[in-house]
Amino acid sequence: MKNRVSGAEALMLALKDAGTEILFGYPGGAALYIYDALFQQDAIKHILVRHEQAAVHAADGYARSSGKPGVVIVTSGPGATNAITGIATAFMDSIPLVVISGQVRAPLIGTDAFQETDMIGVSRPVVKHNFLVQKAEDIPDIISKAFYIATSGRPGPVVVDIPKDLTDSNHQLNYSFNKDVHIRSYQPQNEGHPGQIKRALKLLLESKQPVIYSGGGVISANASEELIELARILDFPVTNTLMGLGAYPASDDRFLGMLGMHGTYEANMAMHNSDLILAVGARFDDRITNDPAKFALKAKKIHIDIDPASIDKIIDVDVPIVGSTKIVLRKILNLLEKKKDKIDKKKIEPWHLKIKTWRKEHGLNHDLLEEKSSNSKILPQQVIQALYQETKGDAFVTSDVGQHQMFAAQYYKFEKPRRWINSGGLGTMGFGLPAAMGVQFAFPEATVACVTGEGSIQMCIQELSTCLQYGLPIKIINVNNAALGMVKQWQDMQYDGRLSQSTYQDSLPDFVKLAESYGHVGMKVKKYEELKSAMKECFKLTDKLVFLDIDVDPDEHVYPMLEASMSLADMHLDKKNKTW
Ligand SMILES: Cc1ncc(C[n+]2csc(CCOP(=O)(O)OP(=O)(O)O)c2C)c(N)n1
Ligand SMILES: [Mg+2]
């Protein structure tokens, strides 16, 4: 290796030394020295997307599915601003990303130079941290720190903005890479306070009506095994947030399904009536609590979270434990091992019976797939059930945002973590397809399905071209209700059915032809009778991208649905019935 390298070469070496195997990006003026250095190496593969937003979502899908940080490179100005939605999406869901943005030459910064945007300023509210590189010699250290910050503590996106002149061949530096990062002002607490853990244990052993409420923090810390062990030892029911699905196997009897805005009746009722909530890697956001002043008033609360800022932010808790969900759960398990005689599963039995009654009364109908409607229209829930059946519950499923996302969360039973990939916090339409690309790059042999809507898919449809270039056999399941369904549902329910700008007046494209023009296979399904066979045919084409465009009943709503500003027990159960 050359001793003296340029900033661009140092960047490539540092990315490689930080473990990068794949980069998602799009070139432009301010990044051209970097792209030139990329051209002259073969350690890192680069994926050329068709829009920078998609580069970030793809890196994000790669990170969510593999657990490794996603890496992105974009140019300055419009390249950088196009990346912002993707960065904000990752930030809201605590996904580790390192995003390199080119910047105008250092002497031009602040002069409104061509393609200049203050990326540090623009990205600040939606990153965990950002760096403006000031000297070429700093590049290796900054990259090392960026990966450390992105992946440690509560993970998140880190932006590294690099002025073009620092990557040219005039600046030569001696390259070395320091993996042992130490930042005095940033030291995540992983261990959990032993005193609080003991207090938590006492509450866990006393409770008669407990619920484990677990979220994305269990998945990001790979703590699923510990969660399952704890629930089984204590015989506690478990509910997952939208971000936490898969952390606890959906087929287990103790699983209540998702909670919150479109959570199951039994999950929301169990939370509302519980005497103890063990929150693990979940953050009590508004889609979960409904009115915080009415949230689970009878329950004591234990909150395990890596981010101290999450604790007491929305709901005051009795026992706060700042630490890695994996480490803290393991410590609780170790203590329980010595107190096995104190575990009294009998006293929880009536609670399990109560939950069973709730499930019986208003639980999700898992036999829908077998029920033909009188008009042969396909229900969106049936699409998800057919997908589940065809993939045997073992696919990676990405989704976009809207009704189809909620139906997927409710009806695809996730057994493993990192299989359900969706934009929970920001709710970004356009996420599904590029995220699926990232997943497919992380797992080239795996079955990857993107559940989407005709609205969302059009927000990053250009990525069909990227899929052709790299031969990605993604299965796009377009739940086509010819409307911005979730918007329409709200307008139906809260705005007297005035459908303001939520339908397209017959202007949708022919998705079959569209898929074909991009070089893929397109299939249309209109009738219930065709659904299962079409799904089968779609997944048989293992080496092809298939766009399955399925017309569904446009009048279907997602239920249960919480009534705003009330409690978790105040749900619309269908178009006519509600709980209050
Ligand atoms: C980028 C973006 N713009 C707007 C919204 C608001 N929004 C939420 S759901 C939705 C409708 C989505 O329509 P579609 O993808 O067809 O899904 P459906 O609800 O019909 O299943 C809209 C517009 C959003 N979440 N993201
Ligand atoms: Mg739609």
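What counts, and at which threshold
Residues numbered from 1 in each chain as written. Chains lettered and ligands numbered in written order. Predicted model: local features only at pLDDT ≥ 70, side-chain atom pairs only at ≥ 80, totals over all residues. Heavy atoms only, no water. Donors = N, O, S within 2.8 Å, 3.2 Å for Na, K, Ca; no water. Tetrahedral: all angles 85-135°; square planar, octahedral: opposite > 155°, others 65-115°. Helix = DSSP H or I, 4+ residues; strand = E, 2+ residues; numbered from the N terminus. Buried < 20%, exposed > 50% of the residue type's maximum accessible area, 1.4 Å probe, protein only. Pairing = 2+ DSSP bridges. Phe/Tyr/Trp six-rings, centres within 6.5 Å; stacked < 30°, edge-to-face > 60°. Lys NZ or Arg CZ within 6 Å of the ring centre and 35° of its normal. Axes fitted to C-alpha atoms, helices over the stretch in contact; angles between N-to-C directions. Contact = heavy atoms within 4.5 Å. 1 Å grid on protein atoms, 1.4 Å probe; cavity = no way out; pocket = protein on both sides within 12 Å on 5 of 7 lines; lining within 4 Å. Points joined across faces, edges and corners; volume = space filled by probe spheres on them. Nonpolar A, V, L, I, M, F, W, Y, C, P; charged D, E, K, R; others polar. Core = buried A, V, L, I, M, F, W, Y, C linked by side-chain atoms within 4.5 Å. Parallel < 35°, antiparallel > 145°, perpendicular 65-115°, else oblique. Left-handed = near helix turned anticlockwise from the far one by under 90°. Patch = residues over 30% accessible without salt bridge, like charges linked within 9 Å, V, L, I, M, F, W, Y side chains within 5 Å. Areas by Shrake-Rupley, 256 points an atom, 1.4 Å probe, with all protein chains shown as cover. Salt bridge = Lys/Arg side-chain N within 4 Å of Asp/Glu carboxyl O. Lys, Arg positive; Asp, Glu negative; His and termini not counted. Charge placed at Lys NZ, Arg CZ, Asp CG, Glu CD. Domains from an automatic or database assignment. Buried area = accessible area lost by both parts, 1.4 Å probe.

**A few points about the coordination of the magnesium ion (ligand 2)**
The protein atoms donating to the magnesium ion (ligand 2) are Glu454 (OE), Glu454 (OE), Asn481 (OD1) and Ala483 (O), with metal-donor distances spanning 2.1 to 2.5 Å. Coordination at the magnesium ion (ligand 2) is irregular, judged from the 6 donor atoms that bind it and the angles of 52 to 179 degrees they form at the metal. For the magnesium ion (ligand 2), the donor residues sit on a single chain with the sequence spacing E-x26-N-x1-A. Here Asn481 lies in the loop between β18 (475-480) and α18 (485-494) and Glu454 lies in the loop between β17 (448-453) and α17 (463-469), a separation of 27 residues in the sequence. Given the relative accessible area of 1%, Glu454 is considered buried. Taking relative accessible area as the criterion, Asn481 reaches 11% and is therefore assigned buried.

**Observations concerning the sheet that holds strand β16 (residues 420-421)**
Overall, parallel pairing links the 6 strands, which are arranged β16-β15-β17-β18-β20-β19 in an open sheet. What marks the edges here is a single partner per strand, and that holds for β16 and β19 (521-525). Bridge analysis of β17 against β18 gives 5 bridges, and the strand direction is parallel. In the sheet register, Val451 faces β18, and the bridge partner there is Ile477.

**Concerning the packing of aromatic side chains**
According to the stated counting rule, one finds 13 aromatic pairs in the structure shown. Connected via pairs of aromatic rings, a cluster forms that spans Phe24, Tyr62, Phe441 and Tyr470. The ring centre of Phe396 lies 4.4 Å from the NZ or CZ of Arg419, which sits over that ring.

**What to know about the sheet that holds strand β12 (residues 276-280)**
Read across the open sheet, the 6 strands follow the order β11-β10-β9-β12-β13-β14; overall the sheet is parallel. In the strand order of this sheet, the two ends are held by β11 (255-258) and β14 (319-322), each with one partner. The sheet shows a mean angle of 15 degrees between the axes of neighbouring strands, direction not considered. Of the strand pairs in this sheet, β12 and strand β13 (residues 300-305) are connected by 5 bridges, and their pairing is parallel. In the sheet register, Ala279 faces β13, and the bridge partner there is His303. Against the sheet, helix α10 (residues 265-273) engages β9 (210-214), β10 (238-240), β11 and β12, with an angle of about 105 degrees to β11. Contacting β12, β13 and β14, helix α12 (residues 325-337) runs over the sheet at an angle of about 125 degrees to β13.

**So, empty space enclosed by the protein**
Applying the stated criterion across every chain yields a total of 1 cavity of 30 Å³ or more. Estimated volume of the largest cavity: approximately 40 Å³. Class assignment for the residues of the lining of the largest cavity results in 6 nonpolar, no polar and 3 charged.

**Side note on the nonpolar core**
One finds Ile477, Met535 and Ile550 to be the most contacted residues of the largest nonpolar core, which totals 106 residues. Ranked by size, the runner-up nonpolar core spans 48 residues in total, among them Val72, Val126, Leu433 and Leu472.

**Topic: the packing of helix α7 (residues 194-206) against α12**
For the pair α7 and α12, the least separation of the axes is 10 Å and the interaxial angle reads 60 degrees. Taken as axis vectors, α7 and α12 run oblique relative to one another. Viewed along their axes, α7 and α12 form a crossing whose handedness is right-handed. Within the contact between the two elements, α7 uses Ile197, Lys198, Leu201, Leu204 and Leu205 and α12 uses Val328, Lys331, Ile332, Leu335 and Leu336.

**Quick notes on a positive patch on the surface**
Residues Lys198, Lys338, Lys339 and Lys342 make up a contiguous surface patch of positive charge. Examined against the element boundaries, Lys342 turns out to sit in the loop between α12 and α13 (349-362). The class for Lys342 is exposed, based on a relative accessible area of 51%.

**So, the domain arrangement of the chain**
Domain annotation for the chain reports domain 1 (4-174), domain 2 (194-362) and domain 3 (368-564). Here the C-alpha centre of domain 2 lies 38 Å away from the C-alpha centre of domain 1. Listed per partner, the contact involves 6 residues of domain 1 and 6 residues of domain 2. Summed over both partners, the interface of domain 1 with domain 2 comes to about 510 Å²; 56% of that surface belongs to carbon and sulfur atoms. The tally of links between domain 1 and domain 2 comes to 1 salt bridge. A salt bridge links Arg154 to Asp307, with the shortest nitrogen-to-oxygen separation between them at 2.8 Å. In terms of residue class, the side of domain 1 that touches domain 2 is made up of 2 nonpolar, 1 polar and 3 charged.

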